[in-house]
Each structure stands twice: as C-alpha cells, then as structure tokens.
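What the coordinates show
Residue-level listing of the chains:
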There are 2 protein chains.
Amino acid sequence: MSTTAITKWVYTFSEGNARMVNLLGGKGANLAEMSGLGLPVPPGFTITTEANTAYFENGGRLPDDVAEQVREAMKSVEKNIGRNFGDPDNPLLISVRSGARKSMPGMMETVLNVGLYTSTIPGMIKQSGDERFVYDSYRRLITMYSDVVMEKAAGITPKDEEMAVRPQLEKLMDAMKKERGYKLDTDLTAEDLKSLCEGYRAKIREVLGKEFPDDPWEQLWGAIGAVFQSWRGKRAIAYRQLEGIPGEWGTAVNVQAMVFGNLGEDSATGVAFTRDPATGDPHFYGEWLVNAQGEDVVAGTRTPNALNNYCKQPGQNDMLPSLEEAMPEIYKQLVDIRNKLEAHYKNMQDIEFTIGHHRLWMLQTREGKRNGMAAVRMAMDMLDEGMIDEKTALERVNPDQLDELLHPMLDPMAERRTTKLAKGLAAGPGGAVGKIVLNSKRAQELGKKGEKVILVRIETSPEDVDGMHAAEGILTARGGMTSHAALVARGWGKCCIVGCGELDIDYRDRTVKAAGKTLKEGDWISLNGTKGIVYEGQLPVAAADPSINKWYTKLMVIADRTRRLGIRTNADRPEDAAVAVKFGAEGIGLCRTEHMFFEGDRIVSMRKMILADDEEGRKKALEELLPLQRSDFIEIFKVLEGRPATIRFLDPPLHEFVPQDEAGQQEMAEAMGVDPERIREKVNSLHESNPMLGHRGCRLGITYPEITAMQARAVIEAAYAVEGAKAEIMIPLVGHVKELANQKRIVLDVFEQIKAEKNGQPAPDIKIGTMIEVPRGAITADEIASEAEFFSFGTNDLTQMGCGFSRDDAGKFLSEYVTLGIYEKDPFQTLDSTGVGELVRIAVEKGRKARPDLKLGICGEHGGDPKSIDFFHHVGLDYVSCSPFRVPIARLAAAQAALSSQ
Amino acid sequence: MSTTAITKWVYTFSEGNARMVNLLGGKGANLAEMSGLGLPVPPGFTITTEANTAYFENGGRLPDDVAEQVREAMKSVEKNIGRNFGDPDNPLLISVRSGARKSMPGMMETVLNVGLYTSTIPGMIKQSGDERFVYDSYRRLITMYSDVVMEKAAGITPKDEEMAVRPQLEKLMDAMKKERGYKLDTDLTAEDLKSLCEGYRAKIREVLGKEFPDDPWEQLWGAIGAVFQSWRGKRAIAYRQLEGIPGEWGTAVNVQAMVFGNLGEDSATGVAFTRDPATGDPHFYGEWLVNAQGEDVVAGTRTPNALNNYCKQPGQNDMLPSLEEAMPEIYKQLVDIRNKLEAHYKNMQDIEFTIGHHRLWMLQTREGKRNGMAAVRMAMDMLDEGMIDEKTALERVNPDQLDELLHPMLDPMAERRTTKLAKGLAAGPGGAVGKIVLNSKRAQELGKKGEKVILVRIETSPEDVDGMHAAEGILTARGGMTSHAALVARGWGKCCIVGCGELDIDYRDRTVKAAGKTLKEGDWISLNGTKGIVYEGQLPVAAADPSINKWYTKLMVIADRTRRLGIRTNADRPEDAAVAVKFGAEGIGLCRTEHMFFEGDRIVSMRKMILADDEEGRKKALEELLPLQRSDFIEIFKVLEGRPATIRFLDPPLHEFVPQDEAGQQEMAEAMGVDPERIREKVNSLHESNPMLGHRGCRLGITYPEITAMQARAVIEAAYAVEGAKAEIMIPLVGHVKELANQKRIVLDVFEQIKAEKNGQPAPDIKIGTMIEVPRGAITADEIASEAEFFSFGTNDLTQMGCGFSRDDAGKFLSEYVTLGIYEKDPFQTLDSTGVGELVRIAVEKGRKARPDLKLGICGEHGGDPKSIDFFHHVGLDYVSCSPFRVPIARLAAAQAALSSQ
C-alpha cells in the first residue's frame, strides 16, 4: 500500500494564523488570526498563494485537487454560518478577494455577492426582507463579474474603453434613470433594478457572446480564476516593479461569507483605529454609518457618525449619535474586541466592522498607519502600559516621522479648505507663511525689521544666502532636490519648495504668475514644504517645539542610551550649531568654511584674493579675512561649550566666488575699482569643463598654501580664545597621502608659530584629519591614515566619483534608473551600500589597520538618512553628522541600528 | 686585550670595483673597476659616501680617522705614479671630484691642480718643460679654489653676484688683456700669468679676508670638504628633488693624480663610444684633439679629429689625421682597451682618455647613451656575438625608443641649419612637411589630390577629423597633451604639435604669424612632432619602415616569444587597424563607434536623432545610420582576418555631436531645415555641469534603448557578412551590474531577431562585455562579471574618477603635483599603480573569482606606456590595447614585464 502526499491548497479561517502570511497572504492570515481569537469573523477560507503559482504553471488552470478542497471548506463555512451556498431556501452569498503577502491596494480584482442567481434570489428576498437590496446586489454582481471574469480574465481587450462591457452596462442604467427622470441611483426601485438586471444579461450576451452564468459554482470558479489571473495584470505588474515585490510570490484568494450592513436601521458599517492615529491619544477612534456598506464610508457622500464622544468633530458630526449612544451593547462588544486586538497584536490596529441585523462582524484588522506625533506617543504609552518593551518601542517610530515634530506646520484643516496655487519639489519640510519678496537684499532688510517674507527666485546662488536665511521660506521656479536652494534650506531645516515650474516669475514687473493669477511682491503666500504645495494667502501655522513633548523627550532618552554611534551636525554658523545642540548634537561634524566667505563684505576680500596676481596680493586679501573667520570660529566654539568641531578648509572651486554673468561682473568691477575686462578674463580663466573634478579642495590649498595658512591661523587662534575648544581641522578632497602631508605641514607650522607667539599659554586641542571623498582616498586609506588623526567620509562626493554621477546632471537619467530598478534608491539619498558602501568599508578596514585609534565619521547628506545610518553603524563608524533638523532622526535611527545588530 | 672595529673610509682604486657603487659612487667604482682590469688609470682613491654622511653628522667636519687613511692612500698613489704630493722636486698634482651613486652632472663641485703652490711650481716647470702651462694651471686652481672652497663651502653669500670672488678675479684678467691689447686668453704669456696669479691672491685677501693656502695638504682638505659640502648645495638639492634621488645617499670624493693632454704635440685628449651610438654599427667611434684638455673637446672651439677612418665626417674633419693615422700604437692600445671594456661590461661604453707625453690614460668609462635604432642593433649584434643572452638583449632597448623607428623624421642635419619658427607641445611624434591649410574641408580636398598639407588650427573639434586625417601633420595654437588634436593624432601616429601659443592664427586674413614673420595659407612649414618644433620651409624627411630593419624584426620575434600579454590596438577605422596589424596587433581592443558618426554626412543623421522628439523620430534617424555603421564594421572585420575586435557602443554625451557656437547652430539649422531656436534649445538642454559624470556611456543606451539596438544590429549583421569575424560588444561606463544586464538584454534580443532572419545560417562569434572605468564597476566587479564575458579597463576614466581629476582641467594643478612629488608621474601617462592600480587589482581578483574564464584587457592610453604595461602584466591581465603606433613598444614592454617576473 502506498500513500501520496496531498498538497493542502485550502485553509479555513480556523486552520490558519497570522504567521502564515506567505502562504495565506496578509488578509487571509489576519482573518484566520481573528477567528482564532474567537472574534466574530464571517466564516470563510483561503486558497493559498502556492495554488496561484500552480495555477500559472498549469497554464491558467487550477490544480485538480483544489476544487475538492474548496468544496470541503465551503461545507465548513455553511455549517458555521447556518446557510448554504446555492441553496434557494437559505442561500449563502460569498465574496472572493485577493490577498498577497504585502498589501497591493486596488491592484487586483474582487467579486462580491457570488452565489446570487435566479434560484437564490427569492430566498435572499425572504432572508433580508428587502427586494430592492437583493436586485441591487444582483446588479452589482453582474457588473463586476462580467467585467472582471468574463472580459478581463478571459483576455478580451476591447479596441477602445467605451467598447468594454462595463461602460455599456452603465449606459443602460443612465438611460433608465434619464427615461424615468431619476437623479440618484437610489431612486431606482426594486422593479427598475429587476428589469435592469435582465437588460444587463442581454447586453452581456450581445457584447461578449456569452451568457452570464446562472450557477453559483460556475460563478465561484470564474471568480477564483479571475483573482488569480489578476496577479499578472498590467497594473499589478507595474505596482510590483515600483514596490520591489517579486513576481513569484503570487496572491492568495479569500472566499468569505457575505455580511451586509445595509439591511436596515439595525445594520451599519464602520472603520476604527484602536487609538487616535493623529495624536496617539489612547482613545478608541473611528466612524460609522447606519444602513450602509463599507464603500459608502469611503465614498464620503454621507457624513459618518462618530464612534464615541471623543471622536466627534465640532461642526461636522457632533449632532449625530455616536455608536456608543446608538448601539451601546454593540459598542461595548467592539471595545472588548479593540482591547483584545491591541493586547494580542501589541500595536495600534486599523479595523473594519459591519453590523448586520444587530450582529457585529469583524471584516479586517491590520496595523494602523499613524503620523509622527502619534507614533511617538503610542510607542511611549504602550511602553508605560507594559504592552511592549523598549526595543519594540524604539522600532515603532520611523525616524523620518520625527520631522513632523520638528517643523512648524500649516494647519491641515486650513490646507484642506484652500485651493493650491502651484506644486513643486518638497525640498525643505514644514510650513511657512510670508510676503513674496523677489530679491535677496530686500528679504534681508525686511527680515531684519521682523517682517515675515518668502524669498521667491527663479533659482538661488551663494550670493542669496543672507536673504534666504532671513526668509521664512524659500520658493524657486527651477532646480532639483540638490539645487543650491534645496541644499542650503535643508541644512537650516527651513521650509523650501524648488523646481516649481508652474511659476512665472518676472523680476522686472515684480510679479509671480501661477494658476492664472498674478501676485505682486508683498502679497502673502503660504508654503507646505513637506508636500511641495504653494497656497495664496496667509494660512495659520502651528509652531513646533519637540522638547515640550514629553513622549518625544522620553523616546530620545531611550534612543540615546541604546545607540553606539555619536551624532554630530553639519553647521556653518553659530546659530545653526545652537539649534543642533538643542536637538542633541554632540559636536559639529562638518563646518564648511567657504560659506563664511559669502557673508556681507567678505565676498569683496575673497574676490580681491582671487584677482590677486601673486602670493603677496593674495596674502594681503587673506589678512582682511583672517579676523572675520577667527571671530566666526570663536562664536562657534562658544556655542559648542567644549564639544568638538570638525572644520573643513576651503573646498569649492574659486569660480563659485565670482559672478558668471556680465551684469554681476560689471558690478564687481565697479565695487572693486578694476577694469571689467580683467574680471571677465579671470572668470574665463577659472572656467572648468568638469568643476567637480577640477581645481578645488586641497588642490587649492596646495597651489595657494597661503589660504591654508590663513585658515589654520583663524582656527587655532580662535581655539586659544575659547576655553575647552576642540578643533578638528579637516583637509578636503584628499586622494593621496602626500596631499594631506603637504597641508598638514602648513597647519603644523602655523601652530608652532602661534605657540611661540602665545608664549607658553596652554595650547588648545587641535587634531588634523581629512575627508575621504575621492575613491583613491578610500582605496589608499592605510597610507592616508598614517597622516590623519580622523577620517570623515564625504559620501556626497564619494557617490559622485564612485558611481560617476554628477549630482547636477544626474537628473536626466537617475530617476529612470530608479524606475528601472537599476538602483533601488537614489544613491544621493540613501547610500549605495554595495558600491560606495564597499569603498567606505575598505577605507574603514585599511584606516583602522594602519591607525587603530583613527576616529571615523561621515558628514555627507547620508548622515541624516536612517537606512544609511544603519549601514554606518554596522561598518563601524564612530559618529554620523547631519543637518541640525535631522539630529533627532539620526539619534533614533542610530538606536534602531544598534538594536538591529543585537 | 680589546680590538676596535675601524671604519674603512678610503679605498684606493685597486681596492674597489664596479659593484661598490653605493659606497664609492659611480665614478669611483668604475675607475676602480678599470684599474682592476689592468687599464692605465691615473692612480687615486675614493673617500666613501659614508664619510660624507659622517661629515654632515659631525657638523661639517671629517671624522678624525679619515685624514690618516687619506695620507696612507696618498702614499700608495705616490708610489704608483712615482711622484710625490707637495714634493718640490718631483711634484704630484691631483684632482678632487664628486661622485654620487647616480650621475648628477654639474651639480656638485670639482677642484683641479691641487698641490700646486709656491714650492712645487718650479718642479712642475721642470717636469713639464712649459712655464706658461704651469702658471695657467696655477691661475685655474686659484680661481676654482677661492670660489668653491673659500667662498661657497664657507657659507659666504655675497649680496650680488658681481661681489662674489670669481667675477672679481675675472675682471682682473680682462683688465690685463685690455691693457696689453690681447684678444684671447692664450695671448697671455707665462710672465703675464705669473703676475696675474699674484694679483689674484691679493684680490682674494681683499674680498674674503683670507689667504689662498700655500700648502698642498691644506688645499686638499679644503677641496675634500667643499665637495662633500656641495652635496647640500642648492643646485644639488633641486636636482635631486627632480630626479627623485634621496638626500641620505651622499656623494663620494675621488682624489686622483692629474694627467695632462696639453703638454705638447705628443699629448692629446679624446672621447669615444665603443660602437656608433647613432646607428649601432660595431665600429669604434670617437674624436680627439692634440695638445688639449678634456674641456677643449667639449667647448667646440676647435674641430676635433676623427678617431679612425670610419668616423671621419665629410667636409668636417676628413682632412685631419685620425688617431689611428697620427698615433698608431696608441690607437692600437685604445682598441685593445675598447675590446676589453666591451667584453667586461658587455655593453657599449662611453670613454674618456688623455695622452700625456705619448702615454695613454683612461679617465672614465660608463654606459653609453644611444638612439633607438642603435639600441636595437647593438642588442641584436651583441646577442649574435654571444656577448649577451636574450633576456639582456630585450632589456637593452627602452621600449619608448622604438618610436624613433616608426615615424618619418626630419633630417637632423637640416634641422640644425634651420632656425625654428615656434615651439609647442610634442603631441604626436615624427616629422611632417606640408603647405599650411587653415580649414579642415580644404585640407581634405587638397589631401585627396595628393598634396601634402599641414592643418593649422587654433584648436580642433570632432568636426575637423577628416581634415586632420588628410593632413601630413597637425599644428594647433591652443590645447594640451590631452586636447582633441593630441588624442586623435596620437591614435593615428600622426605628427602633431599642440599648444603652440606663439602662433597668431588669423582665419580671416588666412595668415599665421610667428617669430615676427607672416606666413600665408599655402606656404610650406615643417614640424618635428617628437620635439614640438615648427620650422619655416620644406625640410627633407626620412621615411620610416621598421619592418625592413632586420635587427628590429629579430627583436620583435624574441619579444613575442617572451611576452605573456596579448597586444591589441585602439583603432576606429579600417586603415588604422591595418597599420596596427602590420605593427603586430593581435586584434582591436577598442573601436570607438562614435567616431564613425562624425564622418561626412553621417553627422546629419546623428543630429536628426538628437533633435528627434520621440522614440519614433530617433529610430528613423538611426535607420539611416545603420547601413553606414554596418559597412564600417564589415571593413574592419575584413582587415582583421579573424582577429577579434572589441567594439565599444556609443559613449560621449550627445552635446559633443552638436555645434556649441551660434554660427555652427545657424549652419546646422539651415542644413536640416529647422528653426535655429530649436537647435539652440536642444543644445542648451544638453548642457551639463560635469559632462564627464553626466548622461553618457551606457546611460545613453539605457534611456535610448533604440541606439543600442541599432548598434547591435550593425555589429552582428557585419559579423554575419565576414567569415571568421569575432566581435566583442563592449558596453561603456558600467558601474552597476544591472546597467550591463539591461544593455545585454537588448543586444541578445537583436541577436535572436537576426538569427531568425538569417534562418539557420551559422551564427558568428559574438561576446558581450563591459568597460571597467567607473570605480563602482571595479569595486563590484564580481557582480558585473556574472553578466560580462570580458572586461576592458578604461584606465583614462578610471583615473579621472578614481583620483577625481578631470583631464581637461587638471592642467591647473597636476604639473605642480608632479613637481611637488605628490604624484611621481602624471597619472594619465603612467598608471597610478597604488591607487587606480589597486582598483584594477580588486576588479581582476573579484572578476576572476566570479567567472574564472573572464577575459581581461585594458584599452586606456596606459596600454601603450611601458611602466603601466609592466603593472598590467603583473596584475594578470590577458592583453593590453594601445594606439597602432605604440603596438611595437607594447610588444617589447610586455616582454620586459614577463622577464621582470622571472
């Protein structure tokens, strides 16, 4: 006697559980889980994802033994609910839905009311006591089924959309409504619907040449096949490519007894969150509609009632009875379920329920989405309640969500009421409201007077920095996520929208046109920098101060004691450093000294230096800059109160300090009292084909050692002036150890000179290190470590050179690369851990081997990206450095990284 | 009883030998070696380089025991030559010279005639029988000694040069000559010189406040100290920095008995090469002067006699008696020495000799410099003579010297007679003569008619390629060694001079001005592209055809059987491929397909494609290019006769195919019948900040897959058309395996289509691989190898991205980097083996690990650089690819690399 292993293709809800997601899909596994908890789930069963795979392997046919297992499972459903599928007297209707491992909302097919046919219609009328309801259900079944099963799954593609079966059926209904003078679908009577169903079936015969099946099982098999087939539909494939879901996974099919919330005043349907998803308040939160189906809640044509008093919205539904008031026992039952689900899942749940003739049915539970504030509060509350441990609490908050707590936000209700003026790229998060100003100088003047302004420019350049700083927000017509405006604004945590191409900015007329309107300079606008939306007028803004949020504070305390990585900030000005320190930065990881050369009159001295013909001329101009730069550093050291500051020496190519346009050159010539031709010649001589790879970074300091000497003097004298100051001098763009050795020699010579001048005064703590941002630097990190006390990875440039992508130009192909899946994410946002990350890994290994106490950090923009921070933790860096407003995010991400390696 | 190890500071010539170069310096070791061979070397001794080190450690004083060892050695010299140092009756004069490990010509000090003082002057007069000679020698000693020992070595630095002692002494002599009405130094009588010496000594007293020492030993110690001191002189330090000679080495001092060739008609001096250094002919070759010192031969004031009949120069010295004729016994003795030296050193020697009163003295022997032809012939002759083995023969020729054999050369005698018009950068070697043409189209027309033209342009662009090809040589006023003109010319092995800033080219007047002359279009000029010199007029040219040189042919046979590396060529046209095959190329390693898009009308189709708004438009334009490109490949496959060709798909950014200037855009608009505004817009939209890192390489093929498909079709159809064709399709600029996978898919799809179209015809051999030129590509080579059948390292771009150097811009700092020693060599000429080389090494290792049969080559310009080839051999590549004219160089360099690892 031999036994054959039989594949189990079908699981009733009582056989499955939440851990069987891969086999049963998310929906099926959770329905089974709820069943297992003893919750009132309409009975049903799941056909596995493996059956889908077998379906495709089998050329689009179900394996033979599936049918038998489905019939068996159906019997169990019938027994459970006490109605029978296809039974004219006591009919059972069922729904057939998809359910993949990961939710793919709306991407696959659903067929409802399966089992309704000529013989069961009378039984259903008797059961529901509502003839109109039954014919309306029948009409819906015919519409869905003919569309999904008879047309799409059969591979019939009509020449144009109007020729498809569904629009043709809809035309019939429209014609009937017109003929009878009805306005709404609900005006149709039972008689109307009955005759419409006849008309539908005739039209289907005409269009598809087939009969709508008048047999419950034929309906069922058709529906199951159609859902399986829809896994390979165009929409589903496109969605999977975007989301990176493998095509091999397949979908499960859930077959479940239909329950109806639209059977009269003792029926209802609703959705709820086990806690308030907007604030995290631990009140049960939701809404419901009497005598309605789930789709009616979503459609928004009726104002839903509140679940309880807590969730009543003043002026919206506070006059409508809550479920607690209307059906107190049902509400109590629902609260019990809510408590059971939270205790079971140990997380906030998003649930759907239906009440049919006063009987409560649970249709779905899943993890509830929540905003940043709510995520933080729920995590801390649940930790307090003993529901979760610290590790889980930390992992509950997506670090990026903290952004919401750190920036002022436009009032979302006001946003909902206001029509948008234009949309651009969300370059700096938060909300900002102010008067339009088109000129940086004017923005600065008005800003000083305390006026709120929004700087609106076609694009910005380093000369606009002061005006940008004075403005509440920045709006540009051109530029991408890495344009000047975007980079600077993100650094400051300032609200910014760039690349808003719909704007027509006229500097001469001083107007901004968009959406057919013409705004003048001085008119108010409001920006939602988190979403990239521009509004006309002055919207209310809610300020942010996370430190007053006790849940946030507690979360940060836990994060800080969990993380291993240090967190520093990228800050060029004392005020930015102060913000970062408030947010928890433990020092400065990148202070870009060149930004100090743009402020006020400094640019004049800088330009004098650039124009100088010889070393003497340059030295004279540098002497003007020395006291200014020294006082900048003094202010920064004071703010840091003994925390270290990594100061990067001059990095950008010199052409960035001179105007490229004729008018600017003319202005510069007048300001400096030189011939414009001389300026033009200098600007031309500074032109480079690939400035990224040109005369910049330490290459400047090597050809003009006097620049390095001046900067070294400024840093060291400032460190002498502030007790406890810790300066880390960072030489940029080092690719060869001898470059570093050359620059280090200059710095050390200056240090010796100053020591002699200071005559025995205790010398400050000065370290000398380098950025690792040139691939050669990473590859030869062992050699470089022999001269460096620290490395800071400049992952922006390392990505540019490592991948060969110019940030300024990559827009032309990089988005396509991400769409095609060549890179999973934009490597400038999330570190390319395989390629650029490998360079980092090599440098860490070689660097530490050559100098075990080498301090390692990262100051590229990846320092504020949670996924990249995880990489930096695991590769063994000592700290990450990011813009001030991302410091809290980095603290949490660093804690999560530490947990992930436990 | 205890013994103390005594340091030996002094070696007589009979104690040393040639292997003791580090201790005795090159000069001392070779003098000792000659002594050891029994050759007539004036006796002497060497104070070691260690003594120099000790001298500096000792604060500029000789170690105590040196003096004693010098006195001992002096005794042995005295005994050997039979004269005594300081002895009034039988005086010995000596020379004191430097001698480092490596020759540092003229960088350190020498003092001659040491030992001449009041008491020995009469003895010397008696010995030489020539009072005037003795006082002249005394005058020279005083001049040298006061300058070198009493002033420089004493650290006295006069305020200006005129205040130094030497010019003041020379003034005295000038005054005496003026007073007595003499024209030449030789007019001075013995009496004059005697009184001049008195005057000199008085002047020294006045200027330096010290007496000129009238004691032989004091003279000697002073001279030895001065030579040691001169190791740290300014000139010596600067020279060592340039040549990379370590400062720790120190110099030795050679003290040697003076011999004089200017004692009368039985005395003489000469220099000789043991074989002809210009041709390699095995005749003894040299020249001599009767009654003269070595400096007289060098000075060139007297025409030297030939050594023998072989070296008589018609019209120069063929009327003067040769040494063989004038002193047959001496000549015979010299021939014996020549034979002995060659047999001993097994190499051609450069010797100096002096004949004093009919006695022959050997003053120096060293390896003789030789030109390329001579190096090849000598190596092969010596191999035939059994003097050296194959390994040595191969190593005797510097691969770069082969260049001289491969290009036509201007007649050097004619060059010597002609004054140069201008000097630029030597961008393409060889000589070229032709009429000036300022316009590429005209150059092409005249070239077709068989006229010899030189294309003279301010700079060239891809549109000039046809004219450049038609010209004999190319001359540009602007651009560096990596400008368009230089790159293209080198690829063709064409004579080219770039960056010739002295030229004033006027396209409107059709003139070229230089050196105060105005040449018109049509005037003749001649270029020496090896040296970068431009001449007016039509100089004679000697054509090159190395294959007729039997020694060259033999050398290549030996090289080919010695090397492991394959040698391919970078060639874009059939005619270039043909040249390379003639030079021994075993296939094409890089065929740049974009060059095919510039020729003739093709640029129009290319521009149509660029201007197209959609895929359809692009496909239409590509269809025009398909047959042209296919026929190019057919021609190339034919020339290769079954050798493989690696074909790189479109690489440069599209903006290179459209004119950047307004006039060009206007022309393009007219030619294509479109609005110039549209062209302008397109050109602007193609502009990139860093085109090197922009939308190019496979990024083009990914965003415009139709380009890849067209190129694949052209290659594969061409391969079908030529029997035995082997095509290797190379995808450029791959940094991520998915980029390659994407492009490979397109190529394979096209291949499948063509296979179907060809209906069973046997498919050609098509391989698909990639360039490794992006650092990320090297780092992730294991992933990329999973999709690639071969890698070819694009070391130009790998250097640009790996080091972060834009070739176009690096001129501003890279030469300074080489001067400062940050990079030893320009990394674009010789591979930076530590950094970029490490990326290559990683990629080789990872690539081979993932795919053991991965074929590895290199097609950057380093493929023709001998030092880089050595690296590529050792890192394990399969082949190098270089421009056609460097193929022989690469063959030899590859053989030498193979030998160096034995």
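Procedures and definitions
Residues numbered from 1 in each chain as written. Chains lettered and ligands numbered in written order. Predicted model: local features only at pLDDT ≥ 70, side-chain atom pairs only at ≥ 80, totals over all residues. Heavy atoms only, no water. Pairing = 2+ DSSP bridges. Helix = DSSP H or I, 4+ residues; strand = E, 2+ residues; numbered from the N terminus. Axes fitted to C-alpha atoms, helices over the stretch in contact; angles between N-to-C directions. Contact = heavy atoms within 4.5 Å. Buried < 20%, exposed > 50% of the residue type's maximum accessible area, 1.4 Å probe, protein only. pLDDT = per-residue confidence, 0-100. Polar contact = N/O pair within 3.5 Å; in protein donor to acceptor, adjacent residues only side chain to side chain. Buried area = accessible area lost by both parts, 1.4 Å probe. Salt bridge = Lys/Arg side-chain N within 4 Å of Asp/Glu carboxyl O. Least-squares fit on C-alpha atoms with pLDDT ≥ 70 in both. Expected span 1.5 Å × (residues − 1). 1 Å grid on protein atoms, 1.4 Å probe; cavity = no way out; pocket = protein on both sides within 12 Å on 5 of 7 lines; lining within 4 Å. Points joined across faces, edges and corners; volume = space filled by probe spheres on them. Nonpolar A, V, L, I, M, F, W, Y, C, P; charged D, E, K, R; others polar. Parallel < 35°, antiparallel > 145°, perpendicular 65-115°, else oblique. Left-handed = near helix turned anticlockwise from the far one by under 90°.

**What to know about the sheet that holds strand β7 (residues 251–257) of chain B**
All names here are of chain B. Sheet architecture is open: five strands sit in the order β1-β2-β7-β5-β6, paired in antiparallel fashion. Two strands bound the open sheet, and with one partner strand each, they are β1 (10–12) and β6 (110–114). With strand direction ignored, the average angle separating the axes of adjacent strands in the sheet is 20 degrees. Of the strands in this sheet, β1, β2 (44–47), β5 (94–100) and β7 touch helix α3 (residues 64–81), which is tilted by about 160 degrees from β2.

**Some points on unusual backbone geometry**
Outside of glycine, negative phi angles account for most residues, and trans bonds account for most peptide bonds. Not every positive phi belongs to a glycine, and A:Glu641 is a case in point at roughly 45 degrees. Considering the arrangement of structural elements, one finds A:Glu641 in the loop between α23 (615–640) and β28 (644–648). Phi at B:His357 takes a positive value of approximately 45 degrees, unusual for a residue other than glycine. On the basis of relative accessibility, which here comes to 38%, the residue B:His357 falls in the partly exposed class.

**Structural notes on the confidence of the model for chain A**
Chain-level pLDDT for chain A is 92 on average; 99% of the residues reach the 70-or-more range. Note on the complex model: pTM 0.84, ipTM 0.83.

**With respect to the side chain of B:His695**
Note on placement: B:His695 falls in the loop between α25 (676–686) and α26 (698–703). You can call B:His695 buried: its relative accessible area is 9%. Among the polar contacts listed, one links the side chain of B:His695 to the backbone oxygen of B:Arg699, at a separation of 3.4 Å. Dropping the residues within four chain positions of it, B:His695 is found in contact with A:Lys812, A:Phe813, B:Pro653, B:Glu688, B:Leu700, B:Thr703 and B:Tyr704.

**Looking at the interface of chain A and chain B**
Across the contact, 49 residues belong to chain A and 49 residues belong to chain B. In total, about 4,100 Å² of surface goes out of reach between chain A and chain B, with carbon and sulfur atoms giving 56% of it. The largest contributions to the chain A side of the interface with chain B come from A:Leu693, A:Arg776 and A:Lys812, which together make up 15% of the buried area. The tally of links between chain A and chain B comes to four salt bridges. Of the charged contacts in the structure, one is a salt bridge between A:Lys846 and B:Glu838, with a shortest N-O distance of 3.5 Å. The interface formed by chain A and chain B includes 26 residue pairs in polar contact (both at pLDDT 80 or more). Of all the elements in the fold, those that place two or more residues in the side of chain A that touches chain B are α25 (676–686), α26 (698–703), α28 (737–758), α29 (775–779), α31 (795–803), α32 (811–820) and α33 (836–850) of chain A. Element by element, the count of residues in the side of chain A that touches chain B is highest for α32(A), at five residues.

**Observations regarding the relation of the copies chain A and chain B**
When chain A is brought onto chain B, the operation consists of a screw motion whose angular component is 180 degrees and whose axial shift is 0.1 Å, with 0.3 Å RMSD remaining. One copy is carried onto the other by what is essentially a two-fold rotation axis. Residue A:Asn690 of chain A places its C-alpha closer to the rotation axis than any other residue of that unit, at 2.1 Å.

**Section: helix α35 (residues 887–900) of chain A**
The terminal C-alpha atoms of α35(A), which comprises 14 residues, lie 20 Å apart, in line with the 20 Å expected from a rise of 1.5 Å per residue. Counting buried positions along α35(A) yields 13 of 14 residues, so the element is predominantly enclosed.

**A few points about empty space enclosed by the protein**
All names here are of chain A. Summed over the entire model, instances satisfying the criterion amount to two cavities of 30 Å³ or more. Reported here for the largest cavity is a volume of approximately 80 Å³. As for the largest cavity, its lining consists of Phe 649, Leu 650, Gly 697, Cys 698, Leu 700, Gly 701, Ile 707, Thr 708, Gln 711, Ile 731, Pro 732 and Gln 743. Of all elements in the fold, only α26 and α27 (705–721) reach the threshold of two or more residues within the lining of the largest cavity. For the lining of the largest cavity, the class distribution of residues is seven nonpolar, five polar and no charged.

**What to know about the pairing of strand β26 (residues 566–570) of chain B**
Residue and element names in this part refer to chain B. Among the five residues in β26, five count as buried, and that is most of the element. Judged by which residues are buried, β26 turns out to be covered on both faces: Gly 566, Arg 568 and Asn 570 on one side and Ile 567 and Thr 569 on the other are all buried. Relative to strand β27 (residues 588–592), β26 is paired through two bridges, and the arrangement is parallel. Within the sheet, the bridge partner assigned to Asn 570 lies in β27 and is Leu 590.

**Focus on the sheet that holds strand β7 (residues 251–257) of chain A**
Residue and element names in this part refer to chain A. An order of β1-β2-β7-β5-β6 is seen for the five strands of this open sheet, with the pairing classed as antiparallel. Each end of this open sheet is capped by a strand with a single partner; those strands are β1 (10–12) and β6 (110–114). If you compare each strand with its neighbour and ignore which way they point, the axes differ by 20 degrees on average. Here strand β5 (residues 94–100) runs beside β6; their pairing, made up of three bridges, is antiparallel.

**Some remarks on the packing of α31(A) against α33(A)**
All names here are of chain A. Packing of α31 against α33 brings their axes to within 9 Å, and their N-to-C directions diverge by 115 degrees. Comparing their axes, α33 and α31 come out roughly perpendicular. Relative to α33, α31 is oriented so that their crossing is right-handed. Contact residues: α31 offers Leu 798, Thr 799, Gly 802 and Cys 803, while α33 offers Val 836, Leu 839 and Val 840.

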